[in-house]
Protein chains: 2
Amino acid sequence: MPIPTLDAFQVIGDPSRRKMLMLLSADSLTINSLADNFDMSRPAVSKHIKILQTAGFISIEDIGRERYCSLKKDGFEELQAWLEYFDAFWASKLKKLETLLNNKLPN
Amino acid sequence: MPIPTLDAFQVIGDPSRRKMLMLLSADSLTINSLADNFDMSRPAVSKHIKILQTAGFISIEDIGRERYCSLKKDGFEELQAWLEYFDAFWASKLKKLETLLNNKLPN
DNA sequence: TATTTGCGTAACTCAGAAGTTACATATACA
DNA sequence: TGTATATGTAACTTCTGAGTTACGCAAATA
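Bear in mind that the values here come from a model prediction, so they are computed numbers and not experimental data.

Peer 1: What exactly am I supposed to notice about the side chain of Arg 17 of chain A here?
Peer 2: All names here are of chain A. Structurally, the position occupied by Arg 17 is in helix α2 (residues 15-26). Here His 48 takes part through its side chain, which lies 3.0 Å from a polar atom of the side chain of Arg 17. Apart from residues no more than four positions distant in its own chain, Arg 17 is found in contact with Gln 10, Val 11, His 48, Ile 51 and Leu 52.

See below:
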């Protein structure tokens, strides 16, 4: 069976999960304190957190019966790499335009 | 009713749509020539294209009965802005670590 | 003009994802 | 030890969205 790795893009496609990441950018939070910021039930938040963890967006440290979530770089890097590919596209497009202009106006 | 603007993150959450963007990074393509690269039906591709266009990832130029798709920056910029926010997070985290280390080892 | 080609849309099916409630478990506290 | 707290999980419901087929229309072509 394939390792159940998650699609980073699909994972951040969910607005609730993005909001969770935003909240965690301000502070490390437990599942419950995270859930306070949402309308959904705590188990729903718990599931989202598991997804975010599996996809490498957060790490979790167990302290007693609490679980502290904090941001983790891995997940973000995958997105970054993808965007950088297209950055290169725009850059090369700009370069082609330059060349074109230079050839059209060789004065 | 709310303006049917699309969530850029949700839009690129779909692997097929990301593949379309990749294909368009190599060349401008018509709907049909795009569809050749996929297992799904042409109407399915057509829908994806409409979504990508609405979200600002591509622009479409009608030439006769054909529609040429090419990449458009707008959609990407929204993603970039989001990632940059978290870039700042990592940067500030690094800075805090530096400060911490400097205080702990003030020799 | 008749036919083919390139495409959009409507109506439908279906799977998956996100939510729920109910329950189980482990830790902290009285 | 008994209770409250923090959490995970299973089972279920519901809804969205991605796919399909069938159809219509405009442009190209014979």
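Peer 1: Could you clarify how one ought to interpret the packing of aromatic side chains in this entry?
Peer 2: Where two aromatic rings form a pair, the distance of their centres and the angle of their planes describe that pair. Taken as a whole, this structure holds 16 aromatic pairs over all chains when the rule is applied. Aromatic side chains Phe 9 of chain A and Trp 82 of chain A sit 5.1 Å apart centroid to centroid with 70° between the ring planes, which places their arrangement in the edge-to-face category. Separated by 73 residues along the polypeptide, Phe 9 of chain A in helix α1 (residues 8-11) and Trp 82 of chain A in helix α5 (residues 73-104) bring together distant segments of the chain. Between Phe 57 of chain A and Phe 76 of chain A, the ring centres sit 5.1 Å apart and the planes meet at 80°, which makes this aromatic pair edge-to-face. Of this pair, Phe 57 of chain A sits in the loop between α4 (42-54) and β2 (58-63) while Phe 76 of chain A is found in helix α5, placing the two residues 19 residues apart along the sequence. Just as Phe 57 of chain A is buried, Phe 76 of chain A falls in that class too. Grouping aromatic residues by their ring pairs yields a cluster made of Phe 9, Trp 82, Tyr 85, Phe 86, Phe 89 and Trp 90 of chain A together with Phe 57 and Phe 76 of chain B. Lying across the ring of Phe 38 of chain A, Lys 19 of chain A places its NZ or CZ 4.7 Å from the centre.

Cut-offs and rules
- Residues numbered from 1 in each chain as written.
- Chains lettered and ligands numbered in written order.
- Predicted model: local features only at pLDDT ≥ 70, side-chain atom pairs only at ≥ 80, totals over all residues.
- Heavy atoms only, no water.
- Helix = DSSP H or I, 4+ residues; strand = E, 2+ residues; numbered from the N terminus.
- Polar contact = N/O pair within 3.5 Å; in protein donor to acceptor, adjacent residues only side chain to side chain.
- Contact = heavy atoms within 4.5 Å.
- Phe/Tyr/Trp six-rings, centres within 6.5 Å; stacked < 30°, edge-to-face > 60°.
- Buried < 20%, exposed > 50% of the residue type's maximum accessible area, 1.4 Å probe, protein only.
- Lys NZ or Arg CZ within 6 Å of the ring centre and 35° of its normal.

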